[in-house]
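# Commentary on secondary and tertiary structure
So you can see what is in the structure, the chains are spelled out below.
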Amino acid sequence: MARPQPPPWVHAAILLCLLGLGGAIEIPMDPSIQNELSQPPTITKQSVKDHIVDPRDNILIECEAKGNPAPSFHWTRNSRFFNVAKDPRVSMRRRSGTLVIDFRSGGRPEEYEGEYQCFARNKFGTALSNRIRLQVSKSPLWPKENLDPVVVQEGAPLTLQCNPPPGLPSPVIFWMSSSMEPITQDKRVSQGHNGDLYFSNVMVQDMQTDYSCNARFHFTHTIQQKNPFTLKVLTTRGVSERTPSFMYPQGTASSQMVLRGMDLLLECIASGVPTPDIAWYKKGGDLPSDKAKFENFNKALRITSVSEEDSGEYFCLASNKMGSIRHTISVRVKAAPYWLDEPKNLILAPGEDGRLVCRANGNPKPTVQWMVNGEPLQSAPPNPNREVAGDTIIFRDTQISSRAVYQCNTSNEHGYLLANAFVSVLDVPPRMMSPRNQLIRVILYNRTRLDCPFFGSPIPTLRWFKNGQGSNLDGGNYHVYENGSLEIKMIRKEDQGIYTCVATNILGKAENQVRLEVKDPTRIFRMPEDQVVKRGTTVQLECRVKHDPSLKLTVSWLKDDQPLYIGNRMKKEDDSLTIFGVAERDQGSYTCVASTELDQDLAKAYLTVLADQTTPTNRLAALPKGRPDRPRDLELTDLAERSVRLTWIPGDDNNSPITDYVVQFEEDQFQPGVWHDHSKFPGSVNSAVLQLSPYVNYQFRVIAVNEVGSSHPSLPSERYRTSGAPPESNPSDVKGEGTRKNNMEITWTPMNATSAFGPNLRYIVKWRRKEARETWNNATVWGSRYVVGQTPVYVPYEIRVQAENDFGKGPEPDTVIGYSGEDLPSAPRRFRVRQPNLQTINLEWDHPEHPNGILTGYSLRYLPFNGTKLGKQMVENFSPNQTKFTVQRADPVSRYRFTLSARTQVGSGEAVTEESPAAPNEATPTAAPPTLPPTTVGATGAVSSTDATATAAAAATEATTVPIIPTVAPTTIATTVATTTTTTAAATMESPPATGTKAHESAPDEQSIWNVTVHPNSKWANITWKHNFRPGTDFVVEYIDSNHTKKTVPVKAQAQPVQLTDLYPGMTYTLRVYSRDNEGISSTIITFMTNTAYTNNQPDIVTQGWFIGLMCAIALLVLILLIVCFIKRSRGGKYPVREKKDVPLGPEDPKEEDGSFDYSDEDNKPLQGSQTSLDGTIKQQESDDSLVDYGEGGEGQFNEDGSFIGQYTVKKDKEETEGNESSEATSPVNAIYSLA
């Protein structure tokens, strides 16, 4: 039985009741409030209604919701409960309703196709997701077929059908040859929307290729190719011309249905000779120019985002010189449901009234069904405080028990809309949402707004008071907005003071204070004037400013509206700019900009530079020229809403014709007293129509310009105010950048007075995570920046900034991508060190797992070392794309320690350290000699070595570079330098002077620096000292070389020892250490000398007479022995040689009486029977001894030019080598005995 319809007066009464219901409460975005209040669940993220998935991937069906307490989730599939726990492949993400279906262990995705719906529930209600239709993408194979050649007459039409296999979603069709060359398309040959290839007329050149239809499937990223068509064109003597006929669609009329908001695509493809042209028309009207565009060589008409007014009859006209035909397409526009009033969450106080409205439209008209907590409203328990009136639910005298989530489902045959809206009842006393005791500074006579955001339930009433007394501020010069902001329309001196806002409801009250300071405006009272000067002279432009003394003033200059570079020829003072030696390039407009942190003032002048003039050739040229007089008698006529006519009387041109008029305007709202250029007109006119912007109180003036310069401005015209309107543009240069790792600062260039179009210009800032598909967050801002807090590190955000004034909102803004703040990156992954040979080391690494921003590069530090000896640390910086590097080794013995870190714009992140492997043929390094103390310089300059230290690495280095000479007495340099001797395995030698220098002092009671110790090398030195300053004190190391070049090194606290680098070998330095905060507190000055690269303090032995005599005797003896050897060999004599090589030498002299010499040792013995050759060398049987076996310290050393400088010695037993005992070098006499 049908329910009787209520009489019309009932609907009228319900409408009146709805108009009388109060507004709902809006909960601020403050997280502290959001977390405290109880709320029913709200769906925040869900998958699309038609959810198509790739069969190769796991299935993900999203469902996210928020609420307090956090909601729980369950699902239905095909309107039946879906038990997630029963299916091992299905799981639900933690603290989320998102379903994950995993096929790694097997299974068919097609088994899970169906319609899914998510339910989010807590104790205050249940919210529903859309019904999500899950489908698995399909890309079926093309059926096998053999295609015969297509025979066609030249000039005839032809259609090559594609007929692709049906896929989900439908594939993208394109035509190519079998050699994968694209088919060239034009108005004669083109592909239709259905994928077929149409030839309006076939030509002989069409046989030059074959034609294959290709289908690309989106999800599987596959392309399937149909067997190619081959054409055979039958030619005739001549191709007859034909009138056009339609190949698609057939006939003279057809119809098409399209849904509102979708794109309408109409297509007409015609045949004929010559090829027809296609034109499109709409009966009874024009094509919508803003939405219509032509495609496929005018064969297709696309109308984007169609609406009901796009329905009607369209026709295409195909024509060539033989005639024309038309095809009519009747277009019907239907509509799936779309929102007129989407229900919003309703937050009420106890006892308040409210309503939920669900109003939608569509074609056909959609039906509305209400549900509560996922159940039809008809089956829900009755609620006396709730009344349903069609698309509206009315709530009266709500109580805490009225909390619930309501669903509105509106549908027709083309689709549906589902919306959740909860009803929440809150009982909250007033709270202030802004910082307390804010300071607001404002310029005199400007407009300002004092904000006082508050929250409470029931909605509190807000009142403002000044200086804690008086009545409520509202009316006159004050205006209080609904959000609690107090606007002062024009600030006066007496408005300065403390303003108190008080919010009150039945549960209590809260208050806050704002202190307002009024500052004097910045004004240029002596402006720069236009000047005409000769080249080479000096000109001065004045700019005297008056400003509030409590504000910092900055005066800058612009030339031709660009920042002026103050060069050597210019001098900028507080009140003027002087240019010396004026040149032609100095000509132009100069603007003085006087600004404080609150306001600014501008003044502009034009400088004209005259070149040297010759004597005038006629009387007219001899007349003096000058700038024109100012225009006068400005008059406004033809007053319109967006334009006005300005007329003026020109002034005298002063013997130089007027070339231009510049019209300027000033407005008294945003920048009173500041003149802006409006437009420019030729010098032949004295009247012009000016285009105006809404809501500007204009005042105009005119400036005349000739070749000499500009006139003084005319007197201002009367004012003319235009009416207001919503903004027609939005702010520019919208950016989103992080200033810290957990925020994003949104900035933009604010709109000026001529683009505000109305009072109270403000900006609606919206943002959301780009990848999260979450709802938009928004805030209303009156400035030009907004900071979003608590953001993840370096994630993209979608940002929109929309202008709004009291007349309405601006157009929909463009979406800009911004990023939250960066952080330090994690360490590079998989740092590998490989050593393919002794000359190179290869490094490879992968990018960090968490870049936390834009990678700017990598930093590599590497340090060579050999036992305890350390080399100089090297630093390399790489680009962010480089992940490989090759190090060329300086020597084949040292190893390297590598430290690698990635960099972002924040800095370098976590480092990873690796060492190069030991070379496979690297000899075991000989133990370093014992560490010796450095020399200490006492108070009297005496040399001592009891308290000093010396590094073993320095001693070892010198031992390998100094030739073996007898020890001589050490040499003392000056009074503060001593030498230290070092014993090595080869000989006793002298180390370089000043291996360690130390100022030996006792610790004083007051703040001081003492015991400065220097450990020098050839090119660097390590510095340490003692002090009694407080922790965290910074120091400075100052040193001067022999050339009197002074250098300083700042030292951070606790940074000892300090290394001085880039020193010169063998140079004497003076050094001191002093406090960075007090240079008067300094150490005593000490002197030290760096090591020389090669030390030889002994006399040259070659020049000694005894050495020359010895060499001559040896040479004579060698000659005699060679003669004896030759005689014995010719007689067949036999030489005594030790036959058993494994018998060790006795403790006696190792040279036996018969003159034989054994070169073998226990580790490397020659084979039995090996004989010494005539030149005294042993024939190799097993292995060769390397030079390392005969060098000092266990390894060969090379000097700077690559030559070997180690001393050849007999290889001793292992114990002797490790004990660093002296070994006797092979003498020339022994070498001669070995030959015998």
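The coordinates are above.
A brief structural summary.

What counts, and where the lines are drawn
Residues numbered from 1 in each chain as written. Predicted model: local features only at pLDDT ≥ 70, side-chain atom pairs only at ≥ 80, totals over all residues. Heavy atoms only, no water. Helix = DSSP H or I, 4+ residues; strand = E, 2+ residues; numbered from the N terminus. Buried < 20%, exposed > 50% of the residue type's maximum accessible area, 1.4 Å probe, protein only. Contact = heavy atoms within 4.5 Å. Core = buried A, V, L, I, M, F, W, Y, C linked by side-chain atoms within 4.5 Å. Pairing = 2+ DSSP bridges. Salt bridge = Lys/Arg side-chain N within 4 Å of Asp/Glu carboxyl O. Axes fitted to C-alpha atoms, helices over the stretch in contact; angles between N-to-C directions. Polar contact = N/O pair within 3.5 Å; in protein donor to acceptor, adjacent residues only side chain to side chain. Patch = residues over 30% accessible without salt bridge, like charges linked within 9 Å, V, L, I, M, F, W, Y side chains within 5 Å. Areas by Shrake-Rupley, 256 points an atom, 1.4 Å probe, with all protein chains shown as cover. Disulfide = S-S within 2.5 Å. Phe/Tyr/Trp six-rings, centres within 6.5 Å; stacked < 30°, edge-to-face > 60°. Lys NZ or Arg CZ within 6 Å of the ring centre and 35° of its normal.

## Here we look at the overall build of the protein
When helices and strands are counted, the protein shows 8 helices and 91 strands. Out of the 1236 residues belonging to the protein, those deemed buried represent 42%. Restricting the contact set of the protein to residue pairs at least 6 apart, pairs at least 24 apart contribute 62%.

## Focus on the nonpolar core
Most often, soluble globular proteins have nonpolar side chains that are buried together. With 30 residues, the main nonpolar core has Ile61, Trp75, Leu99 and Tyr116 as its most contacted residues. Listed by contribution, the elements that provide at least two residues to this core are β3 (59–61), β4 (63–68), β5 (72–77), β8 (99–101), β9 (114–122) and β11 (132–136). Once residues within four sequence positions are removed from consideration, Ile61 is found in contact with Ser47, His51, Trp75, Gly97, Thr98, Leu99, Tyr116, Ile132 and Leu134.

## Describing the pairing of strand β90 (residues 1068–1075)
When you tally the buried positions in β90, you get 6 out of 8 residues, the bulk of the element. When strand β87 (residues 1035–1040) meets β90, the two strands line up antiparallel, connected through 6 bridges. Looking at β90, one finds that Glu1038 is bridged to Arg1072. For β90 and strand β91 (residues 1086–1089), the ladder comprises 4 bridges, and the chain directions are antiparallel.

## Quick look at the environment of Ser307
Position of Ser307 relative to the elements: it lies in the loop between β26 (300–303) and β27 (312–320). Since its relative accessible area comes to 12%, Ser307 is described here as buried. Taking the C-alpha atoms as reference points, Ser307 and Val258, 49 residues apart in sequence, are found 9.4 Å from one another. Residue contacts for Ser307: discarding those within four places in its chain leaves Arg260, Lys291 and Val333.

## Describing the pattern of salt bridges
Applying the stated criterion across every chain yields a total of 51 salt bridges. Residue Lys283 pairs with Glu313 through a salt bridge whose shortest N-O separation is 3.1 Å. A residue pair is termed long-range when its members are at least 10 positions apart, and Lys283 in the loop between β24 (277–282) and β25 (292–295) and Glu313 in strand β27 qualify at 30 residues. A salt bridge links Glu573 to Lys571; the shortest N-O distance between them is 3.4 Å.

## Some thoughts on the sheet that holds strand β53 (residues 570–572)
The 3 strands lie next to each other as β49-β54-β53, forming an open sheet whose pairing is antiparallel. Strands at the two margins of the open sheet, each flanked by one partner only, are β49 (539–542) and β53. Adjacent strand axes in the sheet meet at a mean angle of 10°, parallel and antiparallel pairs treated alike. Taken together, the 3 bridges between β53 and strand β54 (residues 576–579) define a ladder with antiparallel strand orientation. Across the sheet, residue Lys571 finds its bridge partner in β54, namely Thr578.

## Focus: unusual backbone geometry
Backbone phi values are negative for most residues with the exception of glycine, while trans is the configuration of most peptide bonds. Of the consecutive residues Asn68 and Pro69, the connecting peptide bond is found in the cis state with omega at 5°. Not every positive phi belongs to a glycine, and Asn78 is a case in point at roughly 55°. On the secondary structure map, Asn78 appears in the loop between β5 and β6 (80–82). With a relative accessible area of 43%, Asn78 lands in the partly exposed category. The phi torsion at Tyr695 lies on the positive side, around 55°, for a residue other than glycine. Tyr695 sits in the buried class, given a relative accessible area of 17%.

## Considerations on the sheet that holds β3
One open sheet accounts for 3 strands, arranged β3-β8-β7; its pairing is antiparallel. The two strands at the open ends of the sheet, each matched to only one other strand, are β3 and β7 (90–92). Here the strands of the sheet are splayed against their neighbours by 20° on average, with no regard to which way each runs. As defined by bridge partners, β3 adjoins β8 across 3 bridges and the pair is classed as antiparallel. Residue pairing in the sheet places Ile59 in a bridge with Ile101 of β8.

## Details of the environment of Arg630
Mapped onto the fold, Arg630 is located in the loop between α3 (619–622) and β57 (632–637). Separated by 21 residues in the primary sequence, Arg630 and Gly651 place their C-alpha atoms 5.4 Å from one another. The residues touching Arg630, leaving out its near neighbours within four places in the chain, are Gly651, Ser711, His712, Pro713, Ser714 and Leu715. A polar atom in the side chain of Arg630 sits 3.2 Å from the backbone oxygen of Pro713.

## Section: a nonpolar patch on the surface
Taken together, the side chains of Leu1116, Leu1119, Ile1120, Ile1123, Val1124, Phe1126 and Ile1127 define a hydrophobic patch exposed on the protein surface, amounting to about 670 Å² of accessible area. Its place among the elements puts Phe1126 in helix α6 (residues 1105–1130). On the basis of relative accessible area, Phe1126 is assigned to the exposed category, the value being 62%.

## A look at the state of the cysteines
In total, this model carries 6 disulfides according to the counting rule given. Across the protein, the disulfide pattern expressed with sequentially numbered bonded cysteines is 1-2, 3-4, 5-6, 7-8, 9-10, 11-12.

## Considering the side chain of Gln191
Looking at the element boundaries, Gln191 is found in strand β15 (residues 189–191). At 3.1 Å, the side chain of Gln191 forms a polar contact with the backbone oxygen of Ile173. Setting aside its immediate chain neighbours within four residues, Gln191 contacts Ile173, Phe174, Trp175, Gln185, Asp196, Leu197, Glu267 and Asn296.

## A short note on the packing of aromatic side chains
One pass over the full model with this rule turns up 26 aromatic pairs. Over the aromatic face of Phe315 sits the side chain of Arg326, whose NZ or CZ is 4.0 Å from the ring centroid.

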